Every structure is written in C-alpha cells, then in structure tokens.
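# Per-entry structural report
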Amino acid sequence: MYAKYRFSRLACINIIDMLQDELEHRTRRNHALPPSLQVFIALRFFGHGSVTDDSGAEPHGVSIPTACRAVRRVTKALCRRQNQFIKFPTTPEEVQQKQRDFMAIQGFPRVVGAIDGTHIRLTNVALGPTEYVYVNRKGFYSINVQLVCDAKYRILNVVARWPGSTHDSRILQESRLGHAFRDGQLQGILLGDSGYALKPWLMTPFLIPQTPAEQAYNSAHRTTRALIEHLNGQLKNKFLCLGGTGPRVRTAEKVCDIITACCVLFNISKDDHIQEPYNHMPDDDNPAPEAAADDDVHGTAVRNDIVRNFFTQFLWLAIESSAEKHPTISQKLCVANGSMTITFLARIFTLDHGLAVFSEGS
C-alpha cells in the first residue's frame, strides 16, 4: 500500500472517509467513480507524478480523462481542508511546546518554526504572456513555494502561488504570516537563511561571525534551520509529482493546488505516524547572501541580545565544563567591556559540545 499510494491501509481509509461526502456523485450515471476509487487514483498520481502511464489511469481501469477529473476533484477537496491540517501555533501552550522542541535540538531559544522557499518545476504548462516571471534564477520555469515547519517535520504554513522569479523575502513580506508577525499577532521567532531580511521575529545567520559566541550562534542556527531542508526532501520524496519535472498538468493554478494538497496529505501522514525515510535532497535554490534584503535595526538588536544572553553564556559554561575534564590544558578567561574574551595557549581547542574555538586572537 505504501509503495503504491504512499499511505498505510488505515490512512487511506481515513482519507476516503474524510472526503466521502464531497466526492460522492449524485447519481451513478455514466459509470461515475465512487469516492474510494477517486482517492486511490489521486494518491497514485501524487506519489508517482503522472496519469498518462502505468502509474495513473491504467492500474485502476479508467481512461486518462477520467483519471484527470478524479485527481482534480480530490485535489480541490484537500485544498479546502488546508486550514484544518496546516495551522500555525497561536495559543501560549502551543507556542511554548514548539519552542521547547526547537530548543532541544541545539539550544536556540524562542523558535517556533523554520522557513525556506523551494521551487517546483513547471513542465508543459500554459503560462501565457507573463511566462517570463516564472523563470527562476536557475533558468527554469517554477513555482516558488514558501514552507514553514516545526521541529517534528510538520508543515505549519505553505504559500504556493508565486512565480519562480519572486524572491523568498518578498513572498514572506506579502504573506499573511509575515503580516501577522509584524502586527504582533504571532509569538516567537522564525529561522531563515541569509536570503531573508533580519527582523525581530526572523533570525538569520551572521554573514561574517566575529566572535566565538557568534560562531556558536551560527552553528546552532544552521543545525536547527536544517529541518526545513530535510522536510523539503521528505515532501518531494513522498510525492514524486513535486520532484523532477513537476506535476504534469496544464495550468499554473492547478500546480499550486496540487502543491497545497500534497502538503495537507503530508501532515495527515504525520498524524498517521508514518515514519518517512530520511532523504535530504540538497536545495540550492536559496539566494546568495548578497541578495538578502536590508536588515532591520530592531532585528539586529534582538539577534545581539540572543547571542549575549544564550550563546556567550553557553560558551562560558562549556569551557568551564571542559576545563574541569581537561585540567592540563592551560587557559585564561577574562571579561572586558561587558564581552567575554577567550585566549587559549593551544592552537585549537575542541569543546565537548562539538564547538571548535580557535586560539590566539579569538
């Protein structure tokens, strides 16, 4: 069942029951397909990417036009349930739980989600006179999809409507999620790569870290934010219609609906406790650091506060712990102008916490 439809038998039954009323035809005229068969055809398409070969219509004994109509009906039904299965934490209890989950990874505080953009290819799609806006910086037609996930690889937000040439930072800026954070309606912070502008609610890495504490910040940021890249790999591996050449449909609108439907199904699979195979697909669609928007002065202050209150203290505790375990290593700790200056007599000293701190000037 998983190999054919990417879900367990019980999960397939649950999906059929959930969509039963919407997919049921009023009559059986013209041999109308039952909801169960429509769902299986759609799941087969999402998992294998086409209805024109043996992965779509043929195994279910229907024609290609019939299979296409079934996929469209199921896709629209799943999109209507987007707000039911893809929800951002809003209550204090939900926010605190997300923050604890992220904190347990690498000690990065206050994080409620990791954000990134990923490109879904458009192949043989009628784009009209504005097709040039769909060409991304890699030179192919695509939809740039904004995804936010939590520490357990659950999708918290998806925006699938922007052409490939749109910058990640603009998608966030124009999205309801970005507006909600700016208006103070959502709590916590997001982690984004250097393609995003630094905001009080969105932390990006230091382009050129100057101190060991900033290096520790970047290390924790990189490890924690990697979850969204892993999720991109899991999503495209589970639903092959999103990988490779993308969904074989005729309009960009249908591609966007299919992306949203797959994200809904992905979260349903998390409820079904399906363990997805780890498949980190490197995504180099992220913009170069110089493409980032201007950083916010308040965001810079928040980032410096995080470095000072969490990662400087982390370094101090880690060094003291390592010094107790390795008393033979000579070291000198001093505090100057409110910042910690560390000088090691050895050329390099690797802490037990996996952080390499260089001596002589660091």
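No experiment lies behind these values; they were computed from the predicted model shown.

### Observations regarding the environment of Leu-33
- Within the secondary structure layout, Leu-33 lies in the loop between helix H2 (9-23) and helix H3 (35-48).
- Here the alpha-carbon distance between Leu-33 and Val-62, two residues 29 residues apart in the chain, equals 9.2 Å.

### A few points about the side chain of Lys-98
- Along the polypeptide, Lys-98 turns up in helix H6 (residues 92-106).
- What Lys-98 contacts, discounting residues up to four positions off in sequence, is Pro-89, Val-111, Val-112, Asp-150 and Leu-156.

### Here's the deal with helix H10 (residues 252-271)
- Spanning 20 residues, H10 covers 29 Å between terminal C-alpha atoms, matching the ideal 28 Å at 1.5 Å per step.
- With its phi angle positive at about 60°, His-273 sits one or two positions after the end of H10.

### A short note on the confidence of the model for the protein chain
- Across the protein chain, the average pLDDT comes to 83, with 77% of residues at 70 or higher.
- Between residues 284-291, whose pLDDT stays under 50, and residues either more than four places distant or in other chains, the model counts 19 contacts.
- Overall, residues 328-362 carries pLDDT values under 50, and its contacts beyond four positions in sequence, including any with other chains, amount to 54 contacts.

### A short note on the pattern of salt bridges
- For the structure shown, the criterion picks out nine salt bridges.
- Between Arg-81 and Glu-22 there is a salt bridge, and its shortest N-O distance comes to 2.2 Å. One end of the pair, Arg-81, is in the loop between helix H4 (64-79) and helix H5 (82-85); the other, Glu-22, is in helix H2, and 59 residues separate them in sequence.
- Since its relative accessible area comes to 14%, Arg-81 is described here as buried.
- Through salt bridges with shared partners, one network takes in Glu-22, Arg-80 and Arg-81.

What counts and how
Residues numbered from 1 in each chain as written. Predicted model: local features only at pLDDT ≥ 70, side-chain atom pairs only at ≥ 80, totals over all residues. Heavy atoms only, no water. Helix = DSSP H or I, 4+ residues; strand = E, 2+ residues; numbered from the N terminus. Contact = heavy atoms within 4.5 Å. Expected span 1.5 Å × (residues − 1). pLDDT = per-residue confidence, 0-100. Salt bridge = Lys/Arg side-chain N within 4 Å of Asp/Glu carboxyl O. Buried < 20%, exposed > 50% of the residue type's maximum accessible area, 1.4 Å probe, protein only.

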